[in-house]
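# Observations on the model geometry
This is what each chain is made of:
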Amino acid sequence: QVQLVESGGGLVQAGDSLRLSCVASGRTFSRSAMAWFRQAPGKEREFVATMNWSGWDTVYADSVRGRFTLSRDNAKKTVYLQMNSLKPEDTAVYYCAVSTKYGSVSSNAQDYDLWGQGTQVTVSS
């Protein structure tokens, strides 16, 4: 059974850092695009960052560019989201996503067919 498991969320203060991890099991994702999305209470799920299969192409949402860094280790089937200078508006449930169809970057949630269960990130002011 294919599964994505996120970890690393928590409660932090504004300005702090967190690193989220997403581990894939059950199949190889070395040719898959991977991404992070987030959903705040009462809001729609929004794109955060995406990386292509090889890791050389990365796209960030304007709201996180310069503060968040996406990386991946295909050998470990793991993608990381390093989040620095966190703000209260970053508070959300963060979801890892994998596309079994595409290897290129995409900010469109519909291009991803595997999703994790989410990890809560709460940033206090």
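Structure: above.
The structure displayed is predicted, hence computed values, not measured ones.

### A few points about the state of the cysteines
Here the structure, examined in full by the defined rule, presents 1 disulfide. Through a disulfide, Cys22 is tied to Cys96; the S-S separation comes to 2.1 Å. Across the disulfide from Cys22 to Cys96, rotation about the S-S bond amounts to roughly -80°, and the bridge is consequently left-handed. Taken together, the residues span a long stretch of sequence, with Cys22 in strand β3 (residues 18-25) and Cys96 in strand β9 (residues 92-98) at a distance of 74 residues. Comparing Cys22 with Cys96 shows no difference in burial state: the two are buried.

### Quick notes on the pattern of salt bridges
Summed over the entire model, instances satisfying the criterion amount to 4 salt bridges. Residue Asp62 is joined to Arg65 by a salt bridge in which the shortest nitrogen-to-oxygen separation is 2.6 Å. Since its relative accessible area comes to 46%, Arg65 is described here as partly exposed.

Parameters and conventions
- Residues numbered from 1 in each chain as written.
- Predicted model: local features only at pLDDT ≥ 70, side-chain atom pairs only at ≥ 80, totals over all residues.
- Heavy atoms only, no water.
- Disulfide = S-S within 2.5 Å.
- Helix = DSSP H or I, 4+ residues; strand = E, 2+ residues; numbered from the N terminus.
- Buried < 20%, exposed > 50% of the residue type's maximum accessible area, 1.4 Å probe, protein only.
- Salt bridge = Lys/Arg side-chain N within 4 Å of Asp/Glu carboxyl O.

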